[in-house]
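# Summary of structural features
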Amino acid sequence: MTMDETGLTNLLLEPANRGHGQLASGAFRTTLPVAVHLVRLAESLGLPEDRIRMILKIGHWLLGSCLLLVVYLLLAKLGGFDPFSPGMVILAVTSLFTFPMTNITIKTFNYDLISSLGAVIALLLVSVAFASSQRMSVQAFSAAIVVATLAAQEKLSGSPILFIVLIAPAVFAATRWPMRPITAGVADTIAGILLSLSISVASTLLYVIGVPSVLWGGVWPGIVDAMSSWTWIPLLVLSGKGGGEIPSRVAAVTMAIGSLLGTTVLLGSWSQRLKAANLPLAVQHFPATVAGIMILGFGAGLVSAALLQPYWAPFYPTPISPSFAMNGVWLHFGFDSLAITRLAYLGYAFEILIVAIPTPLFIIMLLACILLLTGRRPCDATAGFLFVVALALILIGALLQVPLAHRYLNTPLFLILAASLLVILSSAQTYGLANRTRSVGLAAIAFMAALFLILETVPFRPLYAAFRPFWLNYPDADFAEAGRLNPSWMGWGEERALLGEKFEEFCGRSPDICRNGRIFHLYYGRWLPERPRSFEIFDAANVVGKEPLGDHDYYLFNRSRIVQGFPQPKSRPILTLDFRGYEMAWLYRGSDLAAENYGFGR
């Protein structure tokens, strides 16, 4: 288990806590209300804690798999392709399930699953609504608002998507009732706000009936967070505060509702001007324009991969003061110029995308953009819509100088993948209908792409979080230093299980070395299930200042811990954990650390 899920399940398993602080801080408000009741049921059956943790992870994975299938079916509906065609199934299912971000998302019990995949499904439902009849559009918009609310109340990153989804019915109404566009739009927006609030109230009610009454009070103010948490970062930046804080909820919800109604009125007043004849050429060719910008972004990402070296301050000092610091940490690139640093943020955001995408999928995305530039399909508007939302999220994160990592860009990554598959599979359907030979050829190409995709990603199993394309290597493969990052992965606590498993195999070959052995993990994670072993694993936080340094004491460092200020020992590690040659964790013998007078960062 990673650090996040270890901490979350620890809180969830405490009867006096049940993750109350997460809901009070505006997070996990979709998963936690359900998980509380599952945990209580499992406890009543007498299941041990680690078994409960495993059940939660399995359920999380199953839910994620179902959501991915929903994404695929919605893409088939919008793209007009046969979802059961062998070639389509091979390419789409392999792409969706082998995508490294998919594996991080569905295998990690935290906020990311519902917030990211829920956002994608909500936007696809909005696209379905615009392509449907009046009656079906109401159902699709309602479903989109429900799903977007569940995503937004899970994590702040879903809140901008809910804003878009709440505005969409107003745009639809303004086009259907041109004589009263503002009235119709405002009515639909208010209805959407009320529906969204009702979902948040229902989720909160589900939680409070499963926890002690002393925990009830702090969770109710958060019922407005789904629609308003997108305002938190701008409010914090304007106030000069850092991340990890919650601004005034009154100010946030006022800003959110005011923005929703103001945007609705603005769009309604412009509805008659938004006719094709009055639009600039770039807007008339919206999908092609967005595709061109996307290609430029990919180019910026490739250039940035060659030129930029990211760092975290304060671990790697910089004279640049942060506009936004998350938990006291901010990103920089070693430049003294604020203007150059801001420009580098833009390139780095796209670099993160580039290095998180396997090569076959990157080719698919480029091909999709080229197809949008050169031809027209019924699904092009939907693909352009998904691309532009992804671009907006990327640019907002870069401009606000949020400490970016691919986990924080999971929604744009999924949107870009969904838009690309929509264009490619729709085009393949049209091309393959011409004759059987073409259809067989497309199936063969899909199979080869899927095979290459699997071969490129499999070295990074089981979490796939440290994935990087085959063409990319980092110069610090065998060392780490304070503050030095890469755009792929620093580690998240999963090393406890992965390197622990390697040590267990090592113990099978050299039992004397491991007898009465103790591993002290300097990060936070869990190895499921806990069971009798020839050695024990402890959190190093329990021995700070009195670290035992004997021959049978071992210390597990991951890259994240070293990046966050712990100097890497000079001793030779007895074991390392690497992914395709890039080392992520090291296991050192305590007596070797004593010999070099290692001070554990003190």
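Look up: the structure comes first, before these words.
Let me begin by describing the structure that accompanies this report. Computed from a predicted structure; not experimentally measured.

## Considerations on the pattern of salt bridges
All told, the structure shown has 19 salt bridges when counted by the stated rule. The salt bridge partner of Glu 43 is Arg 18, with a shortest N-O separation of 2.8 Å. Of this pair, Glu 43 sits in helix α3 (residues 31–44) while Arg 18 sits in the loop between α1 (3–12) and α2 (20–24), and the two are 25 residues apart along the sequence. Note on Arg 18: relative accessible area 6%, which makes it buried. One salt bridge in this structure joins Glu 530 and Arg 533, with 3.6 Å as the shortest N-O distance. According to the relative accessible area criterion, Glu 530 is partly exposed, its value standing at 37%. We classify Arg 533 as buried; its relative accessible area is 18%. Through salt bridges with shared partners, one network takes in Asp 4, Asp 112, Lys 155 and Arg 407.

## Notes on the packing of aromatic side chains
Counted by the stated rule, this structure contains 27 aromatic pairs. Here the aromatic rings of Tyr 311 and Tyr 316 are separated by 3.9 Å at their centres, their planes lie at 20°, and the arrangement is stacked. For Tyr 311, a relative accessible area of 11% corresponds to the buried category. A ring pair is formed by Phe 333 and Tyr 348, whose centres lie 5.2 Å apart and whose planes are at 65°; its orientation type is edge-to-face. Here Phe 333 is found in the loop between β2 (330–332) and α16 (338–355), whereas its partner Tyr 348 is found in helix α16, with 15 residues between them in sequence. Note on accessibility: Phe 333 and Tyr 348 belong to one class, buried.

Parameters at a glance
Residues numbered from 1 in each chain as written. Predicted model: local features only at pLDDT ≥ 70, side-chain atom pairs only at ≥ 80, totals over all residues. Heavy atoms only, no water. Salt bridge = Lys/Arg side-chain N within 4 Å of Asp/Glu carboxyl O. Helix = DSSP H or I, 4+ residues; strand = E, 2+ residues; numbered from the N terminus. Buried < 20%, exposed > 50% of the residue type's maximum accessible area, 1.4 Å probe, protein only. Phe/Tyr/Trp six-rings, centres within 6.5 Å; stacked < 30°, edge-to-face > 60°.

Worth remembering: the numbers are spatial, not functional.
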